[in-house]
Amino acid sequence: MVNEHSEEGADAGERHGPQVTRRALIGGVVGAGLLSIGSSLMEPAMADEPVAFRADAPNVYTRAQWNARSPKRPARIIGRPPDRIVIHHTASANAKDRSLDHAFALSRKIQMWHMDGNGWNDSGQQLTISRGGIVMEGRNRSLRAIRAKNLAVGAHALNHNNHTIGIENEGNYAKAKVPARLWDSLVEVCVWLCRAYDLRPSEAIIGHRDLNSTTCPGDALYARLPELRRAVAARLAGSGGGEGATGASITSILPSFDGFG
Ligand SMILES: [Zn+2]
């Protein structure tokens, strides 16, 4: 289905605008030129405060870094951890561009689809991973909420947004293989979230189709969720005594996060 997320992601109260199909929106955007539209929509991200990161979190690019628009209203915060991590695919093109510029443009496009196309308050998902493995904050307040063991309520899994956190993985994985860099970052992000929220990967990590009537995250990615759960569990078990080797491996793989704290 073309419209996997736009019809299904938001619970009551989120929608404000007209419903536009993703295909119609993409067609219009491509026709007009992605870059020019992305630029014209940029606004100061007033609601987004800088977030400092510790070494035990993956490098997550902030909304300010990808030039997010301000949300229509700030995300609602629930003062408890989510109990499920929901894996999505964007069902967009399997781009070959692995650059930071491409990743940031992806985040802006998703925000535009969700705000202007679906009429939502902001990007629906809390986190986004590009095919190059670049991790970005989606919905406003998500990073601060994770650090505080809270949930910034998103719009990614109909009727389940109050207890789930969503990760959008760039690409369409109905058949295509998941790029190694995307996979490695997805493991890192799930390790981080399971650790931050004290979740067991075996039960916490699920696919969107486990909650709603959708093909998301595609058969190819969905088939790898057992492997994802095992990889995350192994990493968590290996980090038992403290930060040690696990913390070191994260910081050596990912650029240090400074200058934004
Ligand atoms: Zn989904």
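Calculation criteria
- Residues numbered from 1 in each chain as written.
- Predicted model: local features only at pLDDT ≥ 70, side-chain atom pairs only at ≥ 80, totals over all residues.
- UniProt positions renumbered as here; feature names shortened; annotations may be inferred.
- Helix = DSSP H or I, 4+ residues; strand = E, 2+ residues; numbered from the N terminus.
- Buried ≥ 20, exposed ≤ 12 C-beta atoms within 10 Å, placed from the backbone.
- Pairing = 2+ DSSP bridges.
- pLDDT = per-residue confidence, 0-100.
- Contact = placed C-beta atoms within 7 Å.
- Expected span 1.5 Å × (residues − 1).
- Core = buried A, V, L, I, M, F, W, Y, C linked by C-beta atoms within 7 Å.
- Axes fitted to C-alpha atoms, helices over the stretch in contact; angles between N-to-C directions.
- Parallel < 35°, antiparallel > 145°, perpendicular 65-115°, else oblique.
- Left-handed = near helix turned anticlockwise from the far one by under 90°.
- Nonpolar A, V, L, I, M, F, W, Y, C, P; charged D, E, K, R; others polar.

- Identification of the protein as N-acetylmuramoyl-L-alanine amidase from Actinomadura hallensis is taken from an unreviewed UniProt entry.
- We quote the UniProt Sequence similarities (unreviewed entry) comment for the protein here in full: "Belongs to the N-acetylmuramoyl-L-alanine amidase 2 family."

### What to know about the overall build of the protein
Then, number 1: Broken down by element type, the protein carries nine helices and eight strands.
Then, number 2: When the 261 residues of the protein are sorted by exposure, 43% land in the buried category.

### Thoughts on the pairing of strand 3 (residues 84-89)
Then, number 1: Taking burial as the measure, the six residues of strand 3 include five buried ones, the bulk of the element.
Then, number 2: Pairing geometry for strand 3 and strand 7 (residues 164-169), over six bridges, is parallel. Paired with histidine 88 across the strands is glutamate 168, a residue of strand 7.
Then, number 3: As paired strands, strand 3 and strand 8 (residues 205-207) are joined by three bridges and run parallel to one another. Bridge pairing in strand 8 places isoleucine 85 opposite isoleucine 205.

### Thoughts on the confidence of the model for the protein
Should pLDDT be low for a region, the predicted coordinates there are not to be read in detail.
Then, number 1: Per-residue confidence for the protein gives a mean pLDDT of 81, with 71% of residues at or over 70.
Then, number 2: Below a pLDDT of 50 lies the segment residues 16-46, which in the model reaches 35 contacts outside its immediate sequence neighbourhood of four places, other chains included.
Then, number 3: Note on residues 240-261: pLDDT is under 50 here. Beyond four places in sequence and across chains, it has 24 contacts.

### Quick look at helix 5 (residues 180-197)
Then, number 1: The end-to-end C-alpha separation of helix 5 is 26 Å, in line with the 26 Å expected for 18 residues at 1.5 Å each.
Then, number 2: Once helix 5 finishes, aspartate 198 follows within two positions and takes phi at roughly 55°, a positive value.

### A closer look at the nonpolar core
Then, number 1: Core analysis: the largest hydrophobic core is formed by 44 residues, its most contacted members being Ile85, Ile129, Val135, Val189, Cys190 and Leu193.
Then, number 2: Take this core: its biggest share by element is eight residues, from helix 5.

### Observations regarding the packing of helix 5 against helix 8 (residues 225-238)
Then, number 1: Their axes nearest at 9 Å, the elements helix 5 and helix 8 cross at an angle of 60°. One way to sum up the angle between helix 5 and helix 8 is to call them oblique. Judged by the twist between their axes, the crossing of helix 5 over helix 8 is right-handed. Contacts between helix 5 and helix 8 involve Leu186, Val187, Cys190, Val191, Cys194 and Arg195 from the former and Leu228, Ala231, Val232, Arg235 and Leu236 from the latter.
Then, number 2: Counted by class, the contact of helix 5 with helix 8 contains nine nonpolar, no polar and two charged residues.

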